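Letter by letter, the chains look like this.
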Amino acid sequence: MPKNYNLREIILEVLEGNELSKKNILETVRSKSGVGTSDKTFNESLMALLREGQIYIADYDFSIYNGVKRIQSIRPDGIVFGVSRLDFVEIETILKQMESHDQEEVYRASKNLKRIFRRKLDEIPKDGNKKIKSNVDSLFNQTIYYMNSLAEEPKRSLRNKLAWSLSSNKGSLEMFKSIASFIESQRMN
């Protein structure tokens, strides 16, 4: 088992239910573990989690610049991370948040859902449907538009199917391809 395996678990624990900047994650990890984790080991663990898709980049925290107006460099400490959610219930919750009256909640849910949508599209083999993969943002927007245009019962049904298709459950990729092909065919009409 790699030396930094425990560190990865601690990072996931710290991020559970939160989106935190790299600086805040490192501070919390160091205080929680009681060990003086090196920046190099921490960065390696963070990048491994990012590469594996267990975490994602959610935002950027400009407060690390302490009020400086003219920012000329990007500091990695400001990158905000969150834990990736890929099970059916979590994705269905995100889809329901898209219907909130709180614009900030809808914006966060939309960003999160689009990231999951892109990741699912990346799972389609290169020789898969090129039409589906050609314009991710357009397909995502069309899917949400189509779902929102349905009556309540068909909307709930499509939301459940979409949540399942975006999850990491068995058979989800085939269902995702079916939904994407269907939405793509609706664009032609």
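Note: the structure precedes this text.
The present account deals with the structure reproduced in this document. Throughout, a residue's number is its position along its own chain's written sequence, starting from 1. In keeping with the model being predicted, local features are shown solely for residues with a pLDDT of at least 70 and side-chain atom pairs are shown and tallied solely at 80 or more, while totals for entire chains, interfaces and linings include all residues. Only heavy atoms go into the side-chain values, all of them from the structure, while hydrogens and water stay out.

It is worth spelling out the pattern of salt bridges at this point. Here, a salt bridge means any Lys or Arg side-chain nitrogen found within 4 Å of an Asp or Glu carboxyl oxygen. In this structure the tally under the stated criterion is 11 salt bridges. Beyond isolated ion pairs, a larger network of salt bridges with shared partners links E99, K155 and R159.

Turning our eyes to something else, we now look at the side chain of K120. Only DSSP runs of H or I reaching four residues or more are called helices, and only runs of E reaching two or more are called strands; each is numbered from the N terminus. Its location among the elements puts K120 in helix 5 (residues 103-123). The definition of a polar contact used here is a pair of N or O atoms within 3.5 Å, where within protein one atom must be able to donate a hydrogen and the other to accept one, and adjacent residues in sequence count solely through side-chain atom pairs. For K120, the side chain forms a polar contact with the side chain of S172, separated by 2.8 Å.

Residue types Ala, Val, Leu, Ile, Met, Phe, Trp, Tyr and Cys, when buried and joined through side-chain atoms within 4.5 Å, form a set referred to as a nonpolar core. When a residue's accessible area, from a 1.4 Å probe over protein chains only, is under 20% of the maximum for its type it is buried; when over 50% it is exposed; and in between it is partly exposed. Core analysis: the biggest nonpolar cluster contains 22 residues, and I91, L95, L113, F117 and L166 have the highest contact counts within it. Those elements that provide at least two residues to this core are helix 4 (88-97), helix 5, helix 7 (136-148), helix 8 (152-166) and helix 9 (172-188). When residues of this core are assigned to their parent elements, the largest contribution, five residues, is made by helix 5. Throughout, a residue-residue contact means that at least one pair of heavy atoms, one from each residue, lies within 4.5 Å. Setting aside chain neighbours within four positions, we find L113 in contact with I91, I94, L95, M98, F140, I144 and L166. In this structure, V14, L26, L49 and V83 belong to the second largest nonpolar core, which totals 15 residues.

Let us now look at the packing of helix 4 against helix 8. Here helix 4 crosses helix 8 at 130°, and the two axes come no closer than 8 Å. One way to sum up the angle between helix 4 and helix 8 is to call them oblique. Considering how the two elements wind past one another, helix 4 and helix 8 form a crossing that is right-handed. Contacts from F88, I91, E92, L95 and K96 in helix 4 reach R159, N160, L162, A163, W164 and L166 in helix 8. To get an axis, fit a line to the C-alpha atoms, keeping to the stretch in contact for a helix; angles then go from 0 to 180 degrees between the N-to-C directions. Between 65 and 115 degrees an angle is taken as roughly perpendicular, under 35 as roughly parallel, over 145 as roughly antiparallel, and anywhere else as oblique. Take the far helix as your reference; a near helix turned counterclockwise from it by less than a right angle gives a left-handed crossing, and one turned clockwise gives a right-handed crossing.

Here the focus is the packing of aromatic side chains. Stacked, tilted and edge-to-face pairs are distinguished by plane angle, under 30 degrees for stacked and over 60 for edge-to-face with tilted covering the rest, among Phe, Tyr and Trp rings (Trp via its six-membered ring) whose centres lie within 6.5 Å. A complete count under the given rule lists six aromatic pairs for this structure. A ring pair is formed by F117 and F176, whose centres lie 5.2 Å apart and whose planes are at 75°; its orientation type is edge-to-face. Taken as a pair, F117 in helix 5 and F176 in helix 9 lie far apart in primary sequence, 59 residues in all. Grouping residues by exposure puts F117 and F176 together as buried. Taken together, the ring pairs connect Y60, F62 and Y65 into an aromatic cluster. Counting as a charge over the ring demands two things of the Lys NZ or Arg CZ atom: a distance within 6 Å of the ring centre and an angle within 35 degrees of the ring normal. When the ring centre of Y65 is taken as reference, the NZ or CZ atom of R75 above it lies at 5.2 Å. Cation over ring: R115 sits above Y56, and NZ or CZ is 3.6 Å from the ring centre.

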